[in-house]
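The primary structure of each chain is shown beneath.
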Amino acid sequence: MKYSERVLEELKKNNPHQPEFIQAATEVLESLSPVVDTDPKYEKAGLLERLVEPERTIMFRIPWVDDNGEVHVNRGYRVQFNSAIGPYKGGLRLHPSVNLSIIKFLGFEQIFKNSLTGLPIGGAKGGSDFDPKGKSDMEIMRFCQAFMNELYKYVGADEDVPAGDIGTGAREVGYLYGQYKKLTNRSEGVLTGKGLSFGGSLARTEATGYGLVYITEELLKDHGKNIQDARIAVSGSGNVAIYAIEKAEQLGAKVISCSDSTGYIIDENGIDVDAVKQIKEVERKRIKEYLNYHPEATYGEGSVWDNVICDVALPCATQNEINKAEAQRLADSGCYAVCEGANMPTNAEATELFLERDILFLPGKASNAGGVATSALEMGQNSIRSSWTFDEVDAKLKGIMINIYYHMKEACEQFDAKDNFVAGANIAGFMKVADAMMAQGIV
Ligand code: GLU
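Residues numbered from 1 in each chain as written. Predicted model: local features only at pLDDT ≥ 70, side-chain atom pairs only at ≥ 80, totals over all residues. Heavy atoms only, no water.

J.: Can you break down the packing of aromatic side chains residue by residue, with the values?
T.: Each aromatic ring pair is summarised here by two numbers: the centre-to-centre distance and the angle between the ring planes. If you walk through the whole model with that rule in mind, you get 16 aromatic pairs. Between Phe108 and Phe112, the aromatic rings sit 5.1 Å apart at their centres with planes inclined by 75°, giving edge-to-face as the arrangement. Here Phe112 and Phe108 lie together in helix 5 (residues 100–116), a separation of four residues that amounts to about one turn. This pair shows no difference in class: Phe108 is buried, exactly as Phe112 is. Among the aromatic residues, ring-to-ring pairing joins Phe60, Trp64, Phe130, Phe143 and Phe147 into one connected group. We note Lys225 situated over the ring of Tyr336; from NZ or CZ to the ring centre the distance is 4.6 Å. When the ring centre of Trp388 is taken as origin, the NZ or CZ atom of Lys396, which lies over that ring, is 4.5 Å away. (Phe/Tyr/Trp six-rings, centres within 6.5 Å; stacked < 30°, edge-to-face > 60°. Helix = DSSP H or I, 4+ residues; strand = E, 2+ residues; numbered from the N terminus. Buried < 20%, exposed > 50% of the residue type's maximum accessible area, 1.4 Å probe, protein only. Lys NZ or Arg CZ within 6 Å of the ring centre and 35° of its normal.)

J.: Before we move on, could you go through helix 15 (residues 370–383) and cite the residues and values that matter?
T.: With 14 residues, helix 15 extends 20 Å between its outermost C-alpha atoms, agreeing within 8% with the 20 Å of an ideal straight helix rising 1.5 Å per residue. Helix 15 sits mainly inside the fold: twelve of its 14 residues count as buried. All of the buried residues in helix 15 are Gly370, Gly371, Val372, Ala373, Thr374, Ser375, Ala376, Leu377, Glu378, Met379, Gln381 and Asn382. Of the surrounding elements, those touching the buried residues of helix 15 are strand 3 (88–94), helix 5, strand 5 (160–163), helix 8 (204–222) and helix 16 (390–414). One or two positions beyond helix 15, positive phi appears at Arg385, with a value near 50°. (Expected span 1.5 Å × (residues − 1). Contact = heavy atoms within 4.5 Å.)

J.: Account for the packing of helix 8 against helix 9 (residues 239–250), with residues named and values stated.
T.: Interhelical geometry of helix 8 versus helix 9 gives an angle of 50° and a closest axis separation of 7 Å. Taken together, the axes of helix 8 and helix 9 lie oblique to each other. Once helix 8 is placed against helix 9, the crossing between them reads as right-handed. Together, Thr205, Glu206, Thr208, Gly209, Tyr210, Leu212, Val213 and Tyr214 of helix 8 and Asn239, Val240, Tyr243, Ala244, Glu246, Lys247, Ala248 and Gln250 of helix 9 make up the contact between the two elements. Partitioning the contact of helix 8 with helix 9 into residue classes produces eight nonpolar, five polar and three charged. (Axes fitted to C-alpha atoms, helices over the stretch in contact; angles between N-to-C directions. Parallel < 35°, antiparallel > 145°, perpendicular 65-115°, else oblique. Left-handed = near helix turned anticlockwise from the far one by under 90°. Nonpolar A, V, L, I, M, F, W, Y, C, P; charged D, E, K, R; others polar.)

J.: Before we move on, can you summarise the site of the ligand with the specific residues and values?
T.: Neighbouring the ligand are 14 residues; Lys89, Lys113, Gly164, Asp165 and Ser375 lie closest to it. Measuring from an oxygen atom of the ligand, one finds a side-chain N or O atom of Lys113 at 2.8 Å. When the ligand is considered free in solution it has 290 Å² of accessible area, and contact with the protein chains removes 95% of it. Among the residues making up the shell around the ligand, the classes are represented as two nonpolar, seven polar and five charged. (Near = heavy atom within 4 Å. Polar contact = N/O pair within 3.5 Å; in protein donor to acceptor, adjacent residues only side chain to side chain. Areas by Shrake-Rupley, 256 points an atom, 1.4 Å probe, with all protein chains shown as cover.)

J.: Got a sec to walk through the sheet that holds strand 7 (residues 254–259)? Specific residues and values, please.
T.: Read across the open sheet, the seven strands follow the order 9-8-7-6-10-11-12; overall the sheet is mixed. Each edge of the open sheet carries a strand with a single partner, namely strand 9 (298–301) and strand 12 (360–362). Sheet twist, expressed as the mean angle between neighbouring strand axes with direction ignored, is 15°. When strand 6 (residues 231–235) meets strand 7, the two strands line up parallel, connected through three bridges. Paired with Arg231 across the two strands is Lys254, which belongs to strand 7. (Pairing = 2+ DSSP bridges.)

J.: Quick rundown of a negative patch on the surface? Include the residues and the values.
T.: Negative charge collects at one region of the surface, where Glu5, Glu30, Glu349, Glu352 and Glu356 lie side by side. Here the negative patch takes three residues from helix 13 (residues 348–356), the largest share from any one element. Among the secondary structure elements, Glu30 is positioned in helix 2 (residues 19–36). (Patch = residues over 30% accessible without salt bridge, like charges linked within 9 Å, V, L, I, M, F, W, Y side chains within 5 Å. Salt bridge = Lys/Arg side-chain N within 4 Å of Asp/Glu carboxyl O. Lys, Arg positive; Asp, Glu negative; His and termini not counted. Charge placed at Lys NZ, Arg CZ, Asp CG, Glu CD.)

J.: Tell me about the nonpolar core, and please be specific about residues and values.
T.: Nonpolar side chains in soluble globular proteins generally cluster together in the buried interior. Of all hydrophobic cores here, the largest spans 101 residues; its most connected members are Leu48, Phe108, Ile232 and Phe430. Beyond its immediate sequence surroundings of up to four residues, Phe108 is in contact with Phe21, Ala24, Ala25, Val28, Leu51, Val52 and Phe81. In this structure, Ile58, Trp64, Leu94 and Cys144 belong to the second largest nonpolar core, which totals 22 residues. (Core = buried A, V, L, I, M, F, W, Y, C linked by side-chain atoms within 4.5 Å.)

J.: If you had to explain the environment of Gln250 to someone new, which residues and values would you point to?
T.: Tracing the backbone through its elements, the reader meets Gln250 in helix 9. Distance from Gln250 to Gln228, taken between C-alpha atoms, is 9.5 Å for residues 22 residues apart in sequence.

J.: So what's going on with the environment of Phe147? Residues and values would help.
T.: Tracing the chain through its elements places Phe147 in helix 6 (residues 137–151). Accessibility expressed as a relative area gives 1% for Phe147, which makes it buried. Separated by 135 residues in sequence, Phe147 and Val282 place their C-alpha atoms 24 Å apart. Apart from residues lying up to four places away in sequence, Phe147 is in contact with Phe60, Ile62, Tyr77, Leu92, Leu94, Gly127, Ser128 and Leu176.

Set out below in structure tokens:
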């Protein structure tokens, strides 16, 4: 049995109730076979065994009191997966679906994503099964404070730097930061996505969505296509989706959809991104409200991927949102590119189908890396106690995304997997982390 297969078998045996983690690890280990199964030095150093085991997993109680004086207890997580190339870095997800499997899959992906940015950041992820929906501002604040009451022991500007993810935005990062400062008496870049008045970076809010569109634009250009001519379907209506829609429309593309967990909107006149911002960022309401702004648009319940027809799909909602039947439908109806804005939104069978059908496919660990890359730029600005202009950060972000594209492409070509960007991203992300781990000894 090959080295990569043996490690995968052991991983499945050791983590039987972690389907998302197994899914993410299977994809990576299969892609790495041409690298790690042809050079015995990796096996000798136990590199894969070390890579798939988090350096540290922290799970803790988060007790908090709601507005009626009732006590609630949620579970908090921080998985510090790999610090070979820099301090642990990755978001905090607040969503009822959060469990150890999901945080491990996200933390594992983050290792390769962060490496691909070219910046010195290790991989981590955290979060809680807390549901922010319908909670008052004060409840959110008390929850975030309770979360930080334990988390502060394990994080720090040179140690582990959490940030936003699903359910965690500027408001939550502000409350988490305030509590960290209260507990430690330190003003440091311990979180990214901070408010602009206390160390946040311009363009961080926009970065994941803008970065997704920059790399999509480059992918299309490199394959003789033009983003201006594209009819783009987006799913989701959170931070990634909103700024992907905004940038794609600025570049002249037509974006015709968005969605949330209850349903989807298709607007043939082009999605009105200001309306989506008002509904989701200000009022925190359901996407169905879009009909109040544009009654001519269509609202449907269920998945947008069962209903939309597009040239380019940008799934920006959540993991495993596109299944095989939906992938088939997209491919049959003329979709020629899928670029992931969320983490692993395409399930394993759907990914395979896109690759078989020669659909241009960018995996999230490459195409959504703009968020964490800009977080690393925020860390840099905090370290030098300075700040850059929006245009400076945006230009660096664009440069990073274009670099990721060509770095990935080079890895595909080197390993005879032209246009298989799944393999390209995994191999390119792995090489830097593996070099660092080899150089640092068995630790
Ligand atoms: N949660 C984002 C991601 O999945 C951003 C993480 C960060 O900025 O640290 O990459």
